[in-house]
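# Observations on the model geometry
Single-letter residue listing:
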Amino acid sequence: MIRVYLVFIFTLSSLLLSSCKRPFEYSVLEVRPLAKDLNTINIEKIQSLKPKDHFTFFFISDTQVAYDQLESFVKMVNKLPQDSVSFILNGGDVADYGTNFEYNYYYDNIKKLNVPIVTIIGNHDMLGNGRELYKQYFGPEDFSFSFGETGFILFNSNSREVAFDGSLPNLSWVENEIKSIENKRNIIYLSHITPDNFDYDQSKKAQHGKLISSATNSRLSLHGHTHSYHEAEVFNDGIPYVTTATLRRRSYVKVAVHGDSISYSQEFF
């Protein structure tokens, strides 16, 4: 009788596991991404589009645990008229605890988008094995790309997660990237944490401001982290620092580029 019971349990378990859509996860610390190098793939898609002097992109952030809202956002974007939005930027924190299943859930949603999406690393994405997961899923933490006459510089500003050891943000890298696209009409920056937030290394704040202000084509800096919408000129230099709310508030920022003029607005869905 016991033997029959054990065979039944084994058979039932096998059927349940075989019906799963993805491999069974044995530990929250495992690193088994469902895809790799997504930023490289999506940037190639962006750069394959016809360059435009006028284009629009959406900015979202802090999608962790915003499961229903992320699904709704993807559906909303996919229903928009063709060419109404060129691509999407995500300001980080796709995971809450840096776990494999959280990254996988994010991927399960964004793979349905009919426009490219580029994702940077947030502080929660660095917890546990999250930093390694980000590297495998998306690639380098600091990177840049261009679309037409607008350059985008994206970098890791999560200083607290490295105990303010001076390594983040890598402003020397940012400076080199600015120089490499100084011929572009616009530069837009994206990092998870604003330089006036105490989770950012405050010993680098003045250097950050001077660096961005010195580039005459710096137009806009985008951020997440605080879960609330906010905009300010952090360094009183005419460059707006815009923080978008968590996606749980069904909110995103719409950015429109018209030549060297850039406008933005908080939108809801």
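Quick look at the structure, then. (Residues numbered from 1 in each chain as written. Predicted model: local features only at pLDDT ≥ 70, side-chain atom pairs only at ≥ 80, totals over all residues. Heavy atoms only, no water.)

## Remarks on the environment of Thr246
Convention followed: By definition, any uninterrupted DSSP run of H or I lasting at least four residues is a helix, any uninterrupted run of E lasting at least two residues is a strand, and each is numbered from the N terminus. Residue burial is assigned from relative accessible area. The probe radius is 1.4 Å, only protein chains are included, and a residue is buried under 20% of its type maximum, exposed over 50%, and partly exposed in between. Two residues qualify as a contact provided that any one of their heavy atoms is within 4.5 Å of a heavy atom in the partner residue.
By the secondary structure assignment, Thr246 is in the loop between β9 (241-243) and β10 (251-258). Judged by its relative accessible area of 6%, Thr246 falls in the buried class. Through-space distance from the C-alpha of Thr246 to that of His227 is 4.4 Å; in sequence the pair is 19 residues apart. Leave out the neighbours within four places in its chain, and Thr246 touches Ser61, Asp62, His227, Ser228 and Ser251.

## With respect to the pairing of β10
Using the following cut-off: Note on pairing: two strands pair once DSSP finds at least 2 bridges between them.
Burial analysis of β10 places six of its eight residues in the buried class, the great majority of the element. Across eight bridges, the pairing between β10 and strand β11 (residues 261-268) is antiparallel. Note that in β11 the partner of Tyr252 across the bridge is Glu267. In this antiparallel pair of consecutive strands, β10 and β11, the connection spans two residues, and Gly259 shows a positive phi of 65°.

## What to know about unusual backbone geometry
With an omega of -5°, the peptide bond running from Leu168 to Pro169 counts as cis. By the element assignment, Pro169 lies in the loop between β5 (150-154) and α6 (171-180). For Asp62, which is not a glycine, the phi torsion comes out positive at approximately 50°. With respect to the helices, strands and loops of the structure, Asp62 is situated in the loop between β1 (54-60) and α3 (67-78). A positive phi angle, close to 70°, is found at His227, a residue other than glycine. Tracing the sequence through the fold places His227 in the loop between β7 (218-223) and β8 (230-232).

Function cannot be read off these values alone, since they describe shape.
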